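# Commentary on secondary and tertiary structure
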Amino acid sequence: MIKVEHISKSFGDHLVLDDITATFERGKTNLIIGQSGSGKTVLTKICIGLFEPDSGVVTFDDRPFSNIKEKHKIDIRKDMGVLFQGGALFDSMNVEENVMFPLNMFTDMSYEEKLERVNFCLNRVNLKGVNHLMTSELSGGMMKRVAIARAISNSPKYLFCDEPNSGLDPVTSELIDDLISEITEEYNMTTIINTHDMNSVLKIGQTINFIYKGKLWWQGDSKSVLHSDNKELDEFLFSTELTKRLKTI
Amino acid sequence: MLRKLGDYLTLMYQTFSRYDKSLVFRKRLLHEFYNLGFTSIGIVLILSVFVGAVATILVAYNTDNPLLPEKLIGFSARQMIIQEFSPTIISLILAGKLGSQIASELGTMRVTQQIDALQVMGINPANYLILPKIISCLLFIPVLIVFSIVIGILGGWLACVFTGVITPTNYVVGLRSWFEPYSITFAMIKTVVFAFLITSISSYIGYTVKGGSVEVGKASTQSVVVSSIAIIVFDLILTQMLLT
């Protein structure tokens, strides 16, 4: 379980996050949604330790993670898998080396054991026979799947996904959503997904946190999100022509 | 300016902290030996031949006096090549080649979040990415400069053979006259300092890029400019300190 309590963050005079408190539960896909610029990426970056909050604390299963020295964060970091928006695959390495990277750094497994684990993870994300492809040879969807394989290769307890559907077609997008949802359940991970994809919200949002102008505006799940009477959430959810028409049906 | 100096020193502190895994570090080091050092041999050798030849012709042209012995040309060319041309000019060339390579590599990794990915995995990115580059350059650039000195002197001899500015025999006699081993020590000290400046400055500029591909390009250029200025400034300081 990951808890963020009273998190605030400013850049210069601009207050980006204002007293955010939320709990992200184990074994569930926890979504952070909101418009571009609402502060959801900053909140995610605070959770993974790329930014420090101005105030408030982040805890991973009651282990403090914010405003402590970098060397004390390492144990928690080893339990983290992160799927970055662009994949952030190492472009000097091929697929196999990318997925094997966390194993090389943090385990004493033999090459055969590591290769077995890499192949298992690649199979898990429905990728076979791509071990020796360079990242530049992969499609957007394949890149995301390799990034997921790398994120889960070291059996993390916490998985963070920053806009996993961005730049993907609807079919691939759904595949990625299904995959994240399945592995969350399978490995009993605490998964936090930062998204503004409506399909993801309705399909895999077991807990949903709506951020509006830096504040936690609404909390609920995929069932309650459609029937909420929150005006700002309603405007966000039904902002496109398609969703507006669907609402009237 | 002071803030940037502070950031640079902080980055160097992170870079020289203990590495995560020695086997991984050794692999990275070997990779950088090839990537930064081995691939620079060609350009260093080609430039050194011509720099040596030009130095010899220039000395011969400027000391065209019957009262001066011909062997003085070989002596002067040797001293110029050992003390200045090879360590400084070749380091400036390497600042262009390696500086832009390092800055653009790290800058691209920064803007595509590869450095963030390393950090969230619990790896010290500065140590993982920069330390092998610095160590490989500190070890390999002096080797390149020794090659450069030898090839530069050979270039001077070829200039004598093909242009006849002096006889090759007198050139060789000049090369062997009044030799002080301290010249080599001086050249090596300068080279090691320049190697550190090139790699650390370029790494700092690339590592701290913010933005996109345009900023990576700017960082690449900036790293060459700043490294070159640093080399020239330290050349003056070291020459003053070590030769007077």
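Residue positions within a chain follow its written sequence, with the count starting from 1. Going through the entries in the order they are written, you letter the chains from A and number the ligands from 1. Local features in this predicted model are restricted to residues whose pLDDT is 70 or higher, and side-chain atom pairs enter the listing and the counts only when it is 80 or higher, whereas totals over whole chains, interfaces and linings include all residues. To obtain the side-chain values, all non-hydrogen atoms of the structure were included, while hydrogens and water were left out.

## Remarks on the overall build of chain A
Put simply, the rule reads: Strands are runs of DSSP state E lasting at least 2 residues, helices are runs of H or I lasting at least 4, and numbering of each runs from the N terminus. With C-alpha atoms as the basis for the radius of gyration, the globule rule is written as 2.2 Å multiplied by the number of residues raised to the power 0.38. Burial classes: relative accessible area under 20% of the type maximum marks a residue as buried, over 50% as exposed, and values in between as partly exposed (1.4 Å probe, protein chains only). Any two residues whose heavy atoms approach within 4.5 Å at even a single point are treated as in contact. Residues scored as charged are limited to Lys and Arg (positive) and Asp and Glu (negative), so that His and the chain ends carry no count. Every charge is mapped onto a representative atom, which is NZ of Lys, CZ of Arg, CG of Asp or CD of Glu.
Secondary structure summary: chain A contains ten helices and ten strands in total. Whereas a compact globule of 249 residues would reach a radius of gyration of roughly 18 Å, chain A reaches 18 Å, a difference of no more than 12%. Structurally, chain A occupies a C-alpha span of about 55 × 45 × 30 Å along its principal axes. A burial count over chain A gives 52% of its 249 residues as buried. Intrachain contacts of chain A at a sequence separation of at least 6 include 64% that bridge at least 24 residues. A gap of 2 Å separates the mean positions of the 28 positive and 36 negative side-chain charges of chain A.

## A few points about the packing of aromatic side chains
For clarity, the cut-off: To pair, rings of Phe, Tyr and Trp, with the six-membered ring standing in for Trp, must have centres within 6.5 Å; the planes then decide the type, stacked if under 30 degrees apart, edge-to-face if over 60, and tilted in the middle. Criterion for a charge above a ring: Arg CZ or Lys NZ at most 6 Å from the ring centre, at most 35 degrees from the ring normal.
Scanning the model with the defined rule gives 14 aromatic pairs over all chains in all. With a centroid separation of 5.9 Å and 90° between ring planes, the pair formed by Tyr8(B) and Tyr204(B) is classed as edge-to-face. Pair noted here: Tyr8(B) is in helix α1 (residues 2-15) and Tyr204(B) is in helix α8 (residues 182-207), with a separation of 196 residues, a long-range link. Exposure class is identical for Tyr8(B) and Tyr204(B). Each is buried. With 5.7 Å between their ring centres and 25° between their planes, Tyr34(B) and Phe38(B) make a pair best called stacked. The partly exposed category is assigned to Phe38(B), whose relative accessible area is 49%. Among the aromatic residues, ring-to-ring pairing joins Phe60(A), Phe65(A), Tyr158(A) and Phe160(A) into one connected group. Of note, Lys73(A) hangs over the ring of Phe65(A), and the distance from its end group to the ring centre comes to 5.2 Å.

## Section: the domain arrangement of chain A
Residue and element names in this part refer to chain A. To keep it simple, the criterion reads: For the domain bounds, the source is a domain assignment made automatically or taken from a database. By convention, the term buried area covers the 1.4 Å-probe accessible surface removed from two parts as they join, with the contributions of both added. Only one rule defines a salt bridge in this text: a Lys or Arg side-chain nitrogen within 4 Å of an Asp or Glu carboxyl oxygen. N or O atoms within 3.5 Å of each other form a polar contact, as long as, within protein, one can give a hydrogen and the other can take it, and as long as residues adjacent in sequence are counted only when both atoms are side-chain atoms. In this classification, the charged set is Asp, Glu, Lys and Arg, the nonpolar set is Ala, Val, Leu, Ile, Met, Phe, Trp, Tyr, Cys and Pro, and all remaining amino acids, among them Gly, are polar.
Taken domain by domain, chain A consists of domain 1 (2-79 + 158-248) and domain 2 (88-155). The straight-line distance from the C-alpha centre of domain 1 to that of domain 2 is 25 Å. Listed by partner, the interface residues are 15 residues for domain 1 and twelve residues for domain 2. Among the residues of domain 1 in contact with domain 2, Lys 78, Leu 179 and Tyr 187 are the three that bury the most area, contributing 39% of the side total. Counting across the domain 1 and domain 2 interface gives two salt bridges. Residue Arg 124 pairs with Glu 186 through a salt bridge whose shortest N-O separation is 2.6 Å. Along the contact surface separating domain 1 from domain 2 lie four residue pairs in polar contact (both at pLDDT 80 or more). In terms of residue count, helix α6 (residues 170-186) provides more of the side of domain 1 that touches domain 2 than any other element does, seven residues in total. Across the side of domain 1 that touches domain 2, the residue classes tally to nine nonpolar, two polar and four charged.

## Considerations on helix α3 (residues 95-106) of chain A
In terms of burial, α3(A) is largely enclosed, as nine of its twelve residues are buried. Taken as a whole, α3(A) has its buried residues at Val95(A), Glu96(A), Asn98(A), Val99(A), Met100(A), Phe101(A), Pro102(A), Leu103(A) and Met105(A). Contacts made by the buried residues of α3(A) are with α4 (111-124) and α5 (140-152) of chain A together with α2 (22-37), α5 (114-120) and α6 (125-163) of chain B. Between the side-chain oxygen of the N-cap and the backbone nitrogen of Glu96(A) there are 3.2 Å, and the N-cap of α3(A) in question is Asn94(A).

## Let's talk about the sheet that holds strand β6 (residues 80-83) of chain A
Paired through their backbone hydrogen bonds, the strands of a sheet run either parallel or antiparallel. Residues and elements named next belong to chain A. Note the following rule: Any two strands with at least two DSSP-identified bridges between them are counted as paired. Axis lines are fitted through C-alpha atoms, for helices just across the contact stretch, and the angle between N-to-C directions can take any value from 0 to 180 degrees.
In spatial order, the strands read β6-β7-β8-β3-β9-β10; together these six strands make up an open sheet with mixed pairing. Here the strands that pair on one side only, and so sit at the sheet edges, are β6 and β10 (215-220). Taking the axes of each pair of neighbouring strands and ignoring which way they run, one obtains an average angle of 15° across the sheet. As paired elements, strand β3 (residues 29-33) and strand β8 (residues 190-195) share five bridges and run parallel to each other. Its bridge partner being in β8, Thr 29 is matched across the sheet by Thr 191.

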